[in-house]
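Fold and geometry: a report
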Amino acid sequence: MRFSACRAAALMVACAVAPYPLAAQDTPASTRAKQDVLWRRMTDSVGRIAAGADAVVGVAILDLTDHRGFYLNAGAIYPTASTIKIAILAELFRQDAATPLAGPTGAPSGAAPAPGHAHLADEYVLNAKDLVGGSGLMGGFTPGTTRLTVRDLATLMIGVSDNSATNILIDRVGMDNVNTLLARLGLTTTRLRRHMMDGEAARQGRENTGTPRELVALLDSLHSGRVLGGATDGYFRMLGTQKASYIPLLLPPGVRTANKPGELDGVRNDAGIVFVPGRPFAIAVMTTYGGNAVGAQEAIAQIARTAWTYFDRVGRSTPLGRTSP
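This report concerns the structure included in the present document. Treat the numbers as computed from the prediction; the structure is a model and nothing was measured. (Residues numbered from 1 in each chain as written. Predicted model: local features only at pLDDT ≥ 70, side-chain atom pairs only at ≥ 80, totals over all residues. Heavy atoms only, no water.)

From N to C terminus, the protein chain includes 10 helices and nine strands. Burial analysis of the protein chain (325 residues in total) assigns 47% to the buried set. Within the protein chain, contacts between residues at least 6 apart in sequence are counted, and of these 65% link residues at least 24 apart. Of the roughly 15,400 Å² of accessible surface on the protein chain, a fraction of 57% belongs to carbon and sulfur atoms. (Helix = DSSP H or I, 4+ residues; strand = E, 2+ residues; numbered from the N terminus. Buried < 20%, exposed > 50% of the residue type's maximum accessible area, 1.4 Å probe, protein only. Contact = heavy atoms within 4.5 Å. Areas by Shrake-Rupley, 256 points an atom, 1.4 Å probe, with all protein chains shown as cover.)

This is the structure:
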């Protein structure tokens, strides 16, 4: 009896100082289930915006943290217009950094084919034959006198979408090299087939093309550092110099984006990365057969804002959903 009383007292003391272990505050499955609710809400809203646009709309949204993706008409092929400049800039930075490129499985795929050996510090003297429609700032430069670096040309290509600068860069890096880069990344429909403002090539059916799915895959590969290595940050800083675009239109001030829009008759596109703190995402919205250009631009902006709402909320939240300012 005495022994039992002692043992009971000891157990009471042990329980007082060593309570039962607490269950985990949350589990990956529980966190995912809650985020799934927000994800479905976001994708449903995107679908309604796309359905209400007076155009055929393709959307790809990729979470660069967990690689969950949303794809709507995203495998269809669209004219890229100036959005193809994302790929031209990527090949330029790759050549400048002389970065060996890994194939889709990560296996080395060898050096880039000749003749593209462009470097950002290279100099170029403007020639009158370089000027084409959509030249923008370069149309006011003096041929034979104006001396630019390749970096200057790239800034003009992205910052103000200058088509003359773009064509010079296509010749410097090599059209075949741009397409080789895309092929080595496993992209099969995104291709550079003509210079900017080449109406004859367009009439012959040689159009620059891509899909929303492949554009976000390209952006994902670039963001990962696998393509450009230490030049990755510089690439996205330059891609972020675009002045007139659709993705940032409805985002709050201060949200960093790196994107490239494009437009042709009946076509409005934009693709890039929105650098939400803690939850960056890649997005591509492509529209064609458009009857209302302004409406298509607004649809792209609304889709980007809807996606940002999800990623911002998740990026600022604990697994349980408590948000920080």
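After that view, the rundown keeps rolling.
Attention now moves to the environment of S317. You can see S317 is positioned in the segment after α10 (293–315). Classification of S317 as partly exposed rests on a relative accessible area of 22%. Spatially, the C-alpha atom of S317 lies 9.6 Å from that of G278, the residues being 39 residues apart in sequence. Those residues in contact with S317, other than ones at most four positions away along the chain, are R322 and T323. Only 2.5 Å separates the side chain of S317 from the backbone oxygen of R313, close enough to count as a polar contact. (Polar contact = N/O pair within 3.5 Å; in protein donor to acceptor, adjacent residues only side chain to side chain.)

Turning our attention to the packing of aromatic side chains. Summed over all chains, the structure comprises seven aromatic pairs. Ring centres of W39 and Y310 lie 5.2 Å apart, and the angle between their planes is 80°; on these two criteria the pair is classed as edge-to-face. Residue W39 is located in helix α2 (residues 28–52), and its partner Y310 is located in helix α10; the two are separated by 271 residues in the primary sequence. Each of the two residues, W39 as well as Y310, counts as buried. Residue classification places W39 among the buried residues on the basis of a relative accessible area of 8%. For R213, the ring lying beneath its charged end belongs to Y71, and the centroid distance is 3.8 Å. The aromatic ring of F275 is capped on one face by R256, whose charged end is 3.9 Å from the ring centroid. (Phe/Tyr/Trp six-rings, centres within 6.5 Å; stacked < 30°, edge-to-face > 60°. Lys NZ or Arg CZ within 6 Å of the ring centre and 35° of its normal.)

A positive phi is found at N73, a non-glycine position, where the angle reads about 50°. By the element assignment, N73 lies in the loop between β2 (69–72) and β3 (78–79). Even without being glycine, A81 reaches a positive phi, approximately 50°. By secondary structure assignment, the location of A81 is in the loop between β3 and α3 (85–97).

The next thing to look at is helix α9 (residues 232–239). Owing to its 3.6 residues per turn, the α-helix aligns residues three or four sequence positions apart on the same side. Among the eight residues of α9, six are classified as buried, and the element is accordingly described as predominantly covered. Listed in full, the buried residues belonging to α9 are T232, G234, Y235, F236, M238 and L239. Of the surrounding elements, those touching the buried residues of α9 are α3, α4 (150–159), α8 (212–224), β7 (257–264) and β8 (267–274).

Using the criterion set out here, one finds 14 salt bridges in the structure. Between E207 and R194 there is a salt bridge; the shortest N-O distance is 2.6 Å. Separated by 13 residues along the polypeptide, E207 in the loop between α7 (199–203) and β6 (209–210) and R194 in the loop between α6 (175–184) and α7 bring together distant segments of the chain. With a closest N to O distance of 3.1 Å, R203 and E200 form a salt bridge. Pair noted here: R203 and E200 are both in helix α7, with a separation of three residues, about one helical turn. Linked by salt bridges that have partners in common, R32, D36, D63, D66, R68 and R279 make up one network. (Salt bridge = Lys/Arg side-chain N within 4 Å of Asp/Glu carboxyl O.)

A word on the environment of T83. Structurally, T83 can be placed in the loop between β3 and α3. Residue T83 is classed as buried on the basis of its relative accessible area, which comes to 1%. In this structure the C-alpha to C-alpha distance between T83 and A284, which are 201 residues apart in sequence, comes to 9.6 Å. Engagement of the side chain of T83 in a polar contact is seen with the backbone nitrogen of G262, the distance being 3.4 Å.

Buried residues dominate strand β9 (residues 281–288), accounting for eight of its eight residues. Every second residue of β9 is oriented toward a common face, with F281, I283, V285 and T287 on one face and A282, A284, M286 and T288 on the other, all of them buried. Strand direction decides the pairing type here: strand β1 (residues 56–63) and β9, joined by eight bridges, are antiparallel. Opposite V59, over in β9, you have V285 as the bridge partner. Relative to β9, β8 runs antiparallel, the two being bridged by seven bridges. Following the sheet pairing, D270 is matched in β9 by V285. Between β8 and β9, which pair antiparallel and follow one another directly, the connecting turn spans six residues, one of which, G278, has a positive phi of 80°. (Pairing = 2+ DSSP bridges.)

So, on to the pairing of β2. Inspection of the sheet shows β1 paired to β2 by four bridges, in the antiparallel sense. Bridge pairing in β2 places A60 opposite Y71. Where β1 hands over to β2, the hairpin turn is made up of five residues, of which H67 adopts a positive phi near 65°.

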